[in-house]
Amino acid sequence: MALVLKPTVTLYPTDSHVLAAEAKDPEGAAISGQSVNWTSSDIAIATVSPASGTSTTVTAVGIGTVTVTATIPAAPPAIPAQVQAICEVRVVNHVTSLAIIPQ
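Residues numbered from 1 in each chain as written. Predicted model: local features only at pLDDT ≥ 70, side-chain atom pairs only at ≥ 80, totals over all residues. Heavy atoms only, no water.

1. Comments concerning the overall build of the protein chain
Of the regular secondary structure elements, the protein chain holds zero helices and ten strands. Listing each helix as α and each strand as β along the protein chain from the N terminus yields β-β-β-β-β-β-β-β-β-β. Taking 2.2 N^0.38 as the reference for a compact globule, 103 residues should give roughly 13 Å; the C-alpha atoms of the protein chain span a radius of gyration of 17 Å, well beyond that estimate. With respect to the principal axes defined by its C-alpha atoms, the protein chain has extents near 70 × 25 × 15 Å. Entry remark: accessible area of the protein chain is about 6,300 Å², with carbon and sulfur atoms responsible for 57%. (Helix = DSSP H or I, 4+ residues; strand = E, 2+ residues; numbered from the N terminus. Rg over C-alpha atoms; globule rule 2.2 N^0.38 Å. Areas by Shrake-Rupley, 256 points an atom, 1.4 Å probe, with all protein chains shown as cover.)

Here it is in structure tokens:
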């Protein structure tokens, strides 16, 4: 089994983005009904809500880069081992002004 997730997302502070995870069997066919748990590596930069479900909303709260992880827990015999996918979320500042300084 594999879990497919968008690899990178770039956000501005206070922006949100919906991430969706798709479970696939070894032949690449979608598997429905899998419980997915979501975590952020640093909630001071980006949060995830809800923490479980096939999708989550990532909300940018600070500047930096975090890893959002989607996990399907092991459930033998159908899912013998935990399955994970990650998305790198970059939160960057808006450019508010641009100055040209003569030399």
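Structure shown, so let's carry the discussion forward.
2. Points about the sheet that holds strand 6 (residues 37-40)
Across the sheet, which stays open at both edges, the four strands sit in the order 2-10-9-6 with mixed pairing between neighbours. The two strands at the open ends of the sheet, each matched to only one other strand, are strand 2 (8-11) and strand 6. Adjacent strand axes in the sheet meet at a mean angle of 20°, parallel and antiparallel pairs treated alike. Where strand 9 (residues 64-72) lies against strand 10 (residues 83-91), nine bridges are found, and the strand directions are antiparallel. Of the residues in strand 10, the one forming a bridge with valine 66 is valine 89. (Pairing = 2+ DSSP bridges. Axes fitted to C-alpha atoms, helices over the stretch in contact; angles between N-to-C directions.)

3. A short note on the sheet that holds strand 5 (residues 30-31)
In spatial order, the strands read 1-4-5; together these three strands make up an open sheet with antiparallel pairing. For this open sheet the edge positions go to strand 1 (2-4) and strand 5, each flanked by a neighbour on one side alone.

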